[in-house]
Every structure is written in structure tokens, then in C-alpha cells.
Amino acid sequence: MSFEKFKDRNVGEDGYYMVDIEDYPETGWGKFKQVASRSLKGELFVGLWVVLREMFKFDIHTVQYPKEKLPIGPRYRAVHKMLRLFESGTERCIGCGLCEKICISDCIRMDTKYDENSRKEVTEYSINLGRCIFCGYCAEVCPELAIVHGGRYENASEQRAHFVEFEDMLTPIDALKAGQQEEYPGFGAIIPGSDKSVKKTPLAY
Amino acid sequence: MSKMIQFTIDGRQVTAAKGESILQVARREEIYIPTMCYLAKTSPSASCRMCVVEAEGVDGFVLSCNTPPTEGIAITSDSQALYTERQNIMKMYNVNHPLQCGVCDKSGECDLQNKTLDFDLDDQSFAVADQRRESKVWGVLSYDPHLCIMCEKCTSVCNEVVGSEALFIRPGGYKSEIDNTFSKCIQCGECISVCPVGAMASTDFEYTSNVWELEKVPSACAHCSSACNLTYEKKHTSIATLGDEHIYRVTNEYDHDTLCGAGRFGYDYENRVTQKDEDAFAIAVSAFENADTIRFNSMISNEEALLLQRLKEQFGYRLINKEAKKYQEFMDAFTSVSGNSLYSADLETIRKSDYAITIGSAVSTDNPMVRFALSVAVNRRKAYMAYMHPIEDEMLRNLVTQYVKYEVGSEEGVLAMLCEMIVDEKAKESHKAFFDDLDLGYISGESNFGEEELELLKKKLVRRYDPVLIIGADLINHPNAVNIAKMAGMIEKHSAFSVMIIPPETNSLGVSLICDLDSEEGENTVGYNVAADFVLSALGDGDLDMPALSQQEGTLTNIDKRVVPMNAALAYHGYELNDIANALGVKSDHVIDYTAELPQERGFSTVRFDDLPNHYTNVGEEVRGYYLDVVETEASATVDVISDIREFNGSVIYRCDPLMQFNPFTDKAHQIIDEAFLSGSEQFAVAARIKDGERVRFTVGEDVYERVFKVDERLKGTVALNPSFDSSENYESYRYNQVKIERV
């Protein structure tokens, strides 16, 4: 292979053309003429008309947050949720402590004890959301699919502690009975409804 | 001289001493041979077959744990065939093993887990029909038979090292499981420590923490003079109390070392002090300025003992530690005849002995490590063990070959009879007056130590090469202790016997070497953990709080004559003795600065605290602190003729703590629960005309005791046991007392 093609720097011949750019006005009169012609042509109203037209159509695509929210992908990692077993309603967490161990910002802690049914019972569980970097390792390591990330990304409250109560993260028992607990689809799951939003790529090739 | 055997492991030239197994040599040479059932401190049970190796010219595999090498043999520790063999063994161990690693206490330090991963077993192709098995709780230990892999480590440690023979195997093929004769169990927790899986667990620790969350603080146990190596494992108390830590459990180097129940379960005696109490401190300093006497006990580190000695040198305080004083006098008298500043035996000498006599010590409760060492001697070396004591100890029944039950008060005579039997002709010449005066018939009659019993002892001594004599606190606190010590010195110097004089309290030996103790108290006293006009207390009940020994850095001098380091397991935020000394003008930044200044003329070394080692080698050699040097002096004194034996009639009580109890600190520990009862046999109850459960009052010296009387079926004879663990006072008086018992 020869390098001739690359070495040919005569680019002007391959369908290129020069853009017709007017010379900058040099005299005062010339500048005045340019300003006057641009102002009077009404180019400004071309853009304003687009906005006005869409406003009257009442077909606005803007999401009316916070009244309206976009569905969030299951892979999104917001405030944690604690799930229950569907059949018995007991907590899935067995207190194995792997989330506590794997947490790279060291924000998970738990207390466990030997309970009256000879099982390991989690008596206290907390996540310090002030430190949490939402990396998702805790959910990934959990052998029981007990701790998962929920979609609640609005972290505004008087106290950070409001988010870290085990009871707050745990699915309420009545919500479970009402069938409101959804199985975590796992890592790599697609955003709900994303089939519908698939469109043909608007490119000719 | 024993011949060394040359052979090769994996092509490497190695040398074995006589009696060493292939596995021991491999471990020494840091060649890895996996094992499941092997425990270095017991004899190999050879049940797991993981340790198999290939030997050149031998068909099949060889068990490395119990096979000694032959000259020139070539051993292969790892090959494809061995790997497959070991993989198959691990598959068998994994059959039906519950998949509950997620909650199992052992997860993270489990032999089964480690080796399953090590041998790349990620699936199990066979299983058997499972059985229903019941979990059991035996006091401090819980047993889950589902997790048990029947490696037999617990039973061998219980039989061989602890010597209580409580655990045994209930055979039944796949249904086999471990069972416990609970009446024999001394709750030492050795079985928990050696269990490679989660089958034997601590009832208290179970499910409270994952092992990897715990921070390990290596230290020394502060309950008795053995000052065993242990590791405190601590973590924050709870989510709710961040920054506030507590000890979750105590572990040790279980492969080589042993720990008793007090060490393993009596760890939470710390004194929680959150801030410095400046007012109390100012009062304390002025109390020291006004005082002329410091009373203390031997629950103290070498450094603080030296600090007290410095205070004495500077301000002329009188130092009162009655029990250490008595020990000091005993050791001085011993030295005056033996010529050595220290006794020669240590725990390893006892373990390796083939003939042991203990006299005047309730070893099971006084010093459990001596008992464990005796157990090893009896079980491994088939040692002849004579237990000389007025009270038969039911707990030692498996170990003792000959009980010699002498009369209370006749210790001097009994030891004199032993001298007659043991020492050589040279001694009989140099201590002529003593031997000339010796009237065996009289002593034998008064002490109830029959001449035929002495004959038996003598007969059994033939062809024993490593005899040891263990002397307990009954002799140290005896009214004629000085002459008894001289006799002990004579035995040390003029016989094959190694002598051990058990230090009665944690650091009696250290205090007796460091402090110049007084016997007369002054008028104004300050007490360190002892009752006085002004009390500094690590129990939290005094005028100024002090850190407990688990919260202090420092060293202890233990029964092995070794200076061992203690590290602070838990934080302490109050004042300590060093602060008071600084305020008084004896300056030092840290109390451990005194470690290097411990008196060299008494055998201490100038090693700094931070340079003290604290570990075990691969072959189990204990590398902790340093040994005291023995100072040799001229052996000039002679043994005096013995005095008449005093008779003890009526109700006699013996100062003796129950198992696992040593002092108020063990009493404070939440897992060791005992009430201080006066306990005696049925016979004692009849003689003293009291009944089980009655409240009685009696006077010992100046102390008036009011205790509930309990009949203990394991006890025999006419001596009752009066515990002293509920008092921090230390005692110099003879442990037996004739008392008048009245009902309240």
C-alpha cells in the first residue's frame, strides 16, 4: 500500500467549496448598514414563533415534576429497600453481615442476636446515608436479595436519620399483603416500559 | 544423645528429631500439609486422613501426622493423586453440611469453609437422607450436631489436655454425635476453641457478631499467676452506642496453648469511666500526701508495682501486700537453701514430667493451667501423679494415681517425710540435725500420711527421670512456711526433682521481686484495690476509679517466671496510678516507661515494653516477653528441725474459690455466675449440725462471714470450703481455720 493518497494535501479539489462569507465592514457607514439590515429582517421572531406555536398547541412534552415523575430504571441506585419473603412475610435479611463487610464507605452497621427460635435475628440495622455513595455493592453481595436499591431518590428531610431506619426501608406488611412488593429484577434489567420508547433510529444509513 | 534423622520433603533436605512426625517437621519447615483433625497440643487422632503424603518406595499413602520419618526417605507433600484424595475427603466432610454459612458464627474462620474453597469444591454430587438431631446447650457451650464433622478435636482436648473426660462420642455411623457428661464438665470452653466448624459454639457469643468485624487485641489473662496468652476480641457495643466498645469474646492460640474458663469467659471486668473526675483526683493526691501506708494486692502489673516502690523510695510509704510478703519470705527461705533465686520448674516441665507430686494446692481451682499441664503429663507421658491434700478433689479423679490425704496442719511433717524419701546422701549430711531429729513414726501418726503410702511413692519413683514437685499456697501460708520453704529448697538442690512454687495470685511473683514490702501498717492508709482509709479501685466501688487490668498496658510475671505483656483492650478515660505519681513528683509519661527499669538485680531485663514479643511459632514455641534470669546465691542456710504438729479439730474451713472464680473481677464477669456459699460435705453438715440452705455465721481471724451453707455432693471429709472471690482483700493467714459455726 502506498501512502500517496495520504500525502496528497490538495484537498480543495474533492467537492469542497468556500463558504461565502461577506467581508467585515470596515467603514462606519458599512457597519451601520449591516446592523440595520439584520434588525429589520425580523430573524428574531422566527425563533419566538416556534415557542408561541407550541404553547397554543397544549401538547407540551415537559414532565411536570414533582407532580409527574419519569419511571426510573431498576438499575438506578437510590435509597435502599428491605424486602420480605412473599410466602411468609418474614424479613429476608438473615443478618449475615456481608453488606456491612463489603460497604466501601463503611456506612452499614447491624446488631444481631440469638433469638428464641434459635435463629439469627437482626435487632438493629442502619445505613448512614450521609456517608453512602450508592455504589450498590450491598445489594449485589446480598445472598438473600433482601437489601435492594429502591427508586426513592428524593433525599430531602429535616434529618438524615429519617432515611436510615430499618423499619422505613422494610416493606410494610400490609403493602406486602396487598401485593405491592415487587421482586427486584436484578442487575442489568431494563427500564420499565422501555420497549415502547424504542424507535427507529432516524438516520438513513 | 538422640540421633537426628535426615530425609527430604518435596526435594528439600530436612532433619527430624527422634519422636517427631513428618507433619511436625513439615510445619517447622513451613511446608504446607493440610489437616482437618490434627491438633498440635494433643496426640494425633488420625481420623481425617487429610494429612496423607507420598513416600518413595511405599505403596499407598502415608499419614504424616503420626508417622515418624525414616532415614533418607523422600516425601512428596502434594501431587495430583494427593489432591484428588484430599478433594474426596473434603466431599465426605461436606455431605449434608448445612448451607448456613451466612449466619454461622464460624464463617470466616472455618476450617471446613477454607478447605472446601481451597480444594475447589463448588458442587456436591451426592447426599444422604438427613436425620433429625437436637441442638444442645451445656452451660457456656452450645452444640449443634448438624454442623459437627466428627473430627474429634473436642473430645481429644477434653480427655488429654483438660483431663475431665466429659465429652465423648456417641457412636452410630452417620448418626454419631458428641455428648457431654455434664457433671464432669468444668466449663473451660477448650472444645469451643478447637472446633474447626461452628458445631461447638459459645452460648453467649452465638450470633452476636461476625468474626471478621472484631478487632483483636493480644494480651495476657490477669486472673491467676499463669497469665496465659489470650486475645480480646472487641467491637462497638451496638449501633445505638457508637464509640463505646466492649469485648465480645476471648480467643487464644488453641493449637498450642490452653485457656481455662475464667480466662475465656471472665473478660468483662473493665471499669467504665467516661471522664476524669478532677475533684476526686485532688482528694486522692492529698490522701497520698497525708498517708504513710499503701495497701495493695497482687492484681497489679509489674510497672505499677515498681511505681509503688518508687513512691516508697521517695516518700517513705510502707507497702503492705500481705500475700506477696508471705510469698517473698517463702522464696527467700527457699533461695537460702537452694542457692537459686527462683524455682526451676515451669508449666512445660510439668507437661514433660513422668512423676508429679502436688502438695498443698487445690490445683483445679487454684491454678487451672497446672492442672492442664498435669493432665498432659498423665495422658501423654503416663506420669505417676500423687495429689497430697487434706481434701480429695473429685475433679481430678481421672488424673490422680495416688491420693495422699494428710491431716490439716501437718504440711511441714509431710514434706519432711518426702524429703527423707527424695533427697540424696549429700543433703542428709549437710542438713544432719534436721534428719537426725526426724521421727517418721510420729509424723506419720499425726499427719495420717502412712509409711506404706510413702513406700509406694518411693517404689513408683524408680526409673522416672523427670520428677516434679508442685507446692501450693497451703504451704506458703503455713505458720511454719519458712522451714517448709527451706525443705523445698533442699529438694530442689539435692534431688532430681524440679520444684514449682505456685504464685498464689496473678502477680505475686512480680510484686515479691520488685517491691520492698513491709509487715507493719501505719496509721493513715491508701488502698489500691484493697480496703483502706482512701481507696483507689478498679472495681468502681472506691473513692477514685482506676483502670482494670484489661484496660492497662503493662507486664505480668507469671508462673513460668516469664515477663509477659498485656495490652489495653478497652479505652479508659479516667485517672490512673501514674497520674497520681506524676502529681506527687514521680514523673513518667506512661506507666510502661517503667518496663525497662524493672530491677535487673532481681532477674528482670531492660527490654522496653514495645519491644516485647507476644506470639507463637509454627511449632508452638511460646515467644512471649522474656524469662527472668535466675540469680545464684550461696546456699548457706540449713533446714531446722520440724515443730510439733498442731491438731485441727471441730469444724474446719478451707479458703478455696469455686471453679473459674479467682477474685472480684471474675465475679464481675457476666458469664461466670457464682454466689459465695460455704460448701461442705454431708459429713461436715452432720458434724457442724447445720443443714443445706441454712444461713450461718463464723469468724475467721478478724473477719466475720455470713454465708449460706450448701451441701456439695462432690465433696468428702470434714473440711468445708469458704470462698474468697467476693473480697479483694489478700490473705497471708493459713488457709485452714478452725471455726465455730452458728446459725443465723
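None of the values given here were measured: they were computed from a predicted structure. (Residues numbered from 1 in each chain as written. Chains lettered and ligands numbered in written order. Predicted model: local features only at pLDDT ≥ 70, side-chain atom pairs only at ≥ 80, totals over all residues. Heavy atoms only, no water.)

Things to note about the overall build of chain A
At step 1: From N to C terminus, chain A includes seven helices and four strands.
At step 2: In chain A, the order of α-helices and β-strands from amino to carboxyl end is α-α-α-β-α-β-β-α-β-α-α.
At step 3: Taking all 205 residues of chain A together, 27% fall into the buried category.
At step 4: Of the contacts made within chain A by residues no fewer than 6 positions apart, 68% connect residues no fewer than 24 positions apart.
At step 5: Summed over all atoms, the accessible surface of chain A reaches about 16,500 Å², with 56% contributed by carbon and sulfur. (Helix = DSSP H or I, 4+ residues; strand = E, 2+ residues; numbered from the N terminus. Buried < 20%, exposed > 50% of the residue type's maximum accessible area, 1.4 Å probe, protein only. Contact = heavy atoms within 4.5 Å. Areas by Shrake-Rupley, 256 points an atom, 1.4 Å probe, with all protein chains shown as cover.)

Comments concerning the overall build of chain B
At step 1: Each helix and strand counted, chain B has 23 helices and 35 strands in total.
At step 2: Computed over its C-alpha atoms, the radius of gyration of chain B comes to 27 Å, within 12% of the 27 Å expected for a compact globule of 744 residues.
At step 3: With respect to the principal axes defined by its C-alpha atoms, chain B has extents near 80 × 65 × 55 Å.
At step 4: A separation threshold of at least 6 residues defines the contact pool for chain B, and within that pool the share at least 24 residues apart is 73%. (Rg over C-alpha atoms; globule rule 2.2 N^0.38 Å.)

Quick word on the side chain of Ser164(B)
At step 1: By the element assignment, Ser164(B) lies in the loop between helix 4 (153–162) and strand 8 (167–170).
At step 2: Setting aside anything within four residues of it in sequence, one finds Ser164(B) in contact with Cys158(B), Lys184(B), Ile186(B), Arg371(B) and Asn398(B).

Points about the interface of chain A and chain B
At step 1: Taken together, the contact pairs 19 residues of chain A with 14 residues of chain B.
At step 2: Three residues, Arg109(A), Tyr114(A) and Lys120(A), lead the burial of chain A against chain B; their summed loss comes to 40% of the area buried on that side.
At step 3: Inspection of the chain A/chain B interface yields zero salt bridges.
At step 4: Counting across the chain A and chain B interface gives eight residue pairs in polar contact (both at pLDDT 80 or more).
At step 5: Elements supplying a minimum of two residues to the side of chain A that touches chain B: helix 4 (98–102), strand 2 (108–114) and strand 3 (120–127) of chain A. (Buried area = accessible area lost by both parts, 1.4 Å probe. Salt bridge = Lys/Arg side-chain N within 4 Å of Asp/Glu carboxyl O. Polar contact = N/O pair within 3.5 Å; in protein donor to acceptor, adjacent residues only side chain to side chain.)

Things to note about the nonpolar core
Residues and elements named next belong to chain B.
At step 1: Residues Leu-418 and Leu-536 are the most contacted members of the largest nonpolar core, which totals 201 residues.
At step 2: Broken down by element, this core gets its largest block of residues, eight residues, from helix 13 (residues 411–422).
At step 3: In this structure, Leu-418 is in contact with Ile-357, Ile-359, Met-388, Phe-449, Leu-454, Leu-457 and Leu-469, ignoring residues within four places of it in sequence.
At step 4: Residues Val-25, Cys-51, Leu-63 and Ile-73 belong to the second largest nonpolar core, which totals 22 residues. (Core = buried A, V, L, I, M, F, W, Y, C linked by side-chain atoms within 4.5 Å.)

So, the sheet that holds strand 21 (residues 525–528) of chain B
Residue and element names in this part refer to chain B.
At step 1: The strand order across the open sheet formed by five strands is 15-14-21-22-23, and the pairing between neighbours is parallel. If you trace the sheet from one side to the other, it starts and ends with strand 15 (318–320) and strand 23 (544–545), each paired once.
At step 2: Bridge analysis of strand 14 (residues 293–296) against strand 15 gives three bridges, and the strand direction is parallel. Paired with Thr-293 across the two strands is Arg-318, which belongs to strand 15.
At step 3: This element, helix 7 (residues 278–290), spans strand 14, strand 21, strand 22 (534–537) and strand 23 of the sheet and lies at about 125° to strand 22. (Pairing = 2+ DSSP bridges. Axes fitted to C-alpha atoms, helices over the stretch in contact; angles between N-to-C directions.)

Considering the pattern of salt bridges
All names here are of chain A.
At step 1: Per the counting criterion, the structure on display carries 49 salt bridges over all chains.
At step 2: The partner of Glu-54 in a salt bridge is Lys-57, with the nearest N and O atoms 3.6 Å apart. Of this pair, Glu-54 and Lys-57 both sit in helix 3 (residues 43–57), separated by three residues, roughly a single helical turn.
At step 3: Under the relative-accessibility criterion, Glu-54 is labelled partly exposed at 31%.
At step 4: We classify Lys-57 as exposed; its relative accessible area is 52%.

Here's the deal with the environment of Phe3(A)
All names here are of chain A.
At step 1: Tracing the backbone shows Phe-3 in the segment before helix 1 (4–7).
At step 2: The exposure class assigned to Phe-3 is exposed, which follows from its relative accessible area of 53%.
At step 3: Distance in space between the C-alpha atoms of Phe-3 and Tyr-114 is 78 Å, their sequence separation being 111 residues.

Regarding the packing of helix 7 of chain B against helix 21 (residues 577–584) of chain B
Residue and element names in this part refer to chain B.
At step 1: As a packed pair, helix 7 and helix 21 sit with axes 10 Å apart at the nearest point and diverge in direction by 60°. Crossing of helix 7 against helix 21: the hand is right-handed. Of the residues in helix 21, those in contact with Phe-281, Ala-284, Val-285, Phe-288 and Glu-289 of helix 7 are Leu-577, Asp-579, Ile-580, Ala-583 and Leu-584.
At step 2: Among the residues making up the contact of helix 7 with helix 21, the classes are represented as eight nonpolar, no polar and two charged. (Left-handed = near helix turned anticlockwise from the far one by under 90°. Nonpolar A, V, L, I, M, F, W, Y, C, P; charged D, E, K, R; others polar.)

With respect to the pairing of strand 19 (residues 467–471) of chain B
All names here are of chain B.
At step 1: Among the five residues that make up strand 19, five are buried, leaving the element largely enclosed by the rest of the structure.
At step 2: Neither face of strand 19 is open: one carries Pro-467, Leu-469 and Ile-471, the other Val-468 and Ile-470, and all of them are buried.
At step 3: For strand 19 and strand 20 (residues 498–501), the ladder comprises four bridges, and the chain directions are parallel. Across the sheet, residue Ile-471 finds its bridge partner in strand 20, namely Ile-501.

Digging into the packing of helix 2 (residues 80–94) of chain B against helix 3 (residues 111–118) of chain B
Two packed helices can be described by the angle between their axes and the distance between those axes.
All names here are of chain B.
At step 1: Between helix 2 and helix 3, the shortest axis-to-axis distance is 10 Å and the interhelical angle comes to 135°. When the interaxial angle is binned, helix 2 and helix 3 end up oblique. Of the two elements, helix 2 crosses helix 3, and the hand of that crossing is left-handed. Counted together, Tyr-83, Met-90, Tyr-93 and Asn-94 of helix 2 and Leu-112, Lys-115, Thr-116 and Asp-118 of helix 3 form the full contact between these two elements.
At step 2: Taken together, the residues of the contact of helix 2 with helix 3 break down into four nonpolar, two polar and two charged. (Parallel < 35°, antiparallel > 145°, perpendicular 65-115°, else oblique.)

What about the confidence of the model for chain A?
At step 1: In the predicted model, chain A carries a mean pLDDT of 82, and the fraction of residues at 70 or more is 85%.
At step 2: Ranking the elements of chain A by mean pLDDT puts helix 1 of chain A last, at 68, and helix 4 of chain A first, at 94. (pLDDT = per-residue confidence, 0-100.)

Some thoughts on the sheet that holds strand 25 (residues 562–566) of chain B
All names here are of chain B.
At step 1: Strand order in the open sheet made by the three strands is 24-25-28, with antiparallel pairing throughout. Edge strands, defined here as strands with exactly one partner in the open sheet, are strand 24 (554–557) and strand 28 (626–627).
At step 2: Summarising the sheet, strand 25 and strand 28 pair through two bridges and their orientation is antiparallel. Bridging across to strand 28, Arg-562 finds its partner in Tyr-627.
At step 3: Sitting on the sheet, helix 8 (residues 302–315) touches strand 24 and strand 25, and the angle it makes with strand 24 is about 95°.

A closer look at a nonpolar patch on the surface
At step 1: The grouping of Val63(A), Tyr65(A), Leu70(A), Tyr76(A) and Tyr153(A) at the surface amounts to a nonpolar patch, some 500 Å² of accessible area in total.
At step 2: Within the secondary structure, Leu70(A) sits in the loop between helix 3 and strand 1 (80–82). (Patch = residues over 30% accessible without salt bridge, like charges linked within 9 Å, V, L, I, M, F, W, Y side chains within 5 Å.)

Here's the deal with the domain arrangement of chain B
A common way to report how large an interface is uses the accessible area buried once the components associate.
At step 1: Along its sequence, chain B is carved into domain 1 (5–94), domain 2 (278–324 + 508–597), domain 3 (327–501) and domain 4 (651–743).
At step 2: For domain 1 of chain B versus domain 3 of chain B, the separation of C-alpha centres amounts to 41 Å. (Domains from an automatic or database assignment.)

A short note on the state of the cysteines
Residue and element names in this part refer to chain B.
At step 1: Enumeration according to the criterion identifies zero disulfides over all chains in this entry.
At step 2: Cysteine Cys-148 remains unbridged, with the sulfur of Cys-154 as its closest cysteine sulfur at 6.3 Å.
At step 3: This cysteine, Cys-221, is not joined by any disulfide, and Cys-228 carries the nearest cysteine sulfur, 6.0 Å off.
At step 4: By relative accessible area, Cys-221 is classed as buried at 8%. (Disulfide = S-S within 2.5 Å.)

Structural notes on helix 2 of chain B
All names here are of chain B.
At step 1: With 15 residues, helix 2 should reach 21 Å at 1.5 Å per residue; the first-to-last C-alpha distance of 21 Å fits that figure.
At step 2: Taken as a whole, helix 2 has its buried residues at Leu-82, Arg-86, Gln-87, Ile-89, Met-90, Tyr-93 and Asn-94. Along the axis of helix 2, the buried positions cluster into a sector of 160°, meaning they face one direction only. Residues of helix 2 that are exposed and angled more than 90 degrees away from the buried face: Gln-80 and Met-92.
At step 3: Buried residues in helix 2 make contact with strand 3 (52–55), strand 4 (61–63), strand 5 (74–76) and helix 3. (Expected span 1.5 Å × (residues − 1). Arc of directions from axis to C-beta.)

Considering unusual backbone geometry
For residues other than glycine, phi is negative in most cases, and the peptide bonds are mostly trans.
At step 1: Backbone torsion omega between Tyr65(A) and Pro66(A) reads 5°, so that peptide bond is classified as cis.
At step 2: Positive phi, close to 55°, is recorded for Asn96(B), a residue that is not glycine.
At step 3: Considering the arrangement of structural elements, one finds Asn96(B) in the loop between helix 2 and helix 3.

Here we look at the packing of aromatic side chains
At step 1: Inspection of every chain in the model, using the stated rule, returns 18 aromatic pairs over all chains.
At step 2: Seen in terms of ring centroids, Tyr76(A) and Tyr153(A) are 6.2 Å apart; in terms of plane orientation they differ by 80°. Their pairing is edge-to-face. Highlighted residues: Tyr76(A) in the loop between helix 3 and strand 1 and Tyr153(A) in the loop between strand 4 (147–149) and helix 6 (166–169), separated in sequence by 77 residues.
At step 3: Among the aromatic residues, those joined into a ring-pair cluster are Phe648(B), Tyr654(B), Tyr734(B) and Tyr736(B).
At step 4: Stacked on the ring of Phe648(B), the Lys or Arg Arg646(B) has its end atom at 4.1 Å from the ring centre.
At step 5: Looking at Lys710(B), its charged tip hangs above the ring of Phe677(B), at a distance of 5.1 Å from the centre. (Phe/Tyr/Trp six-rings, centres within 6.5 Å; stacked < 30°, edge-to-face > 60°. Lys NZ or Arg CZ within 6 Å of the ring centre and 35° of its normal.)

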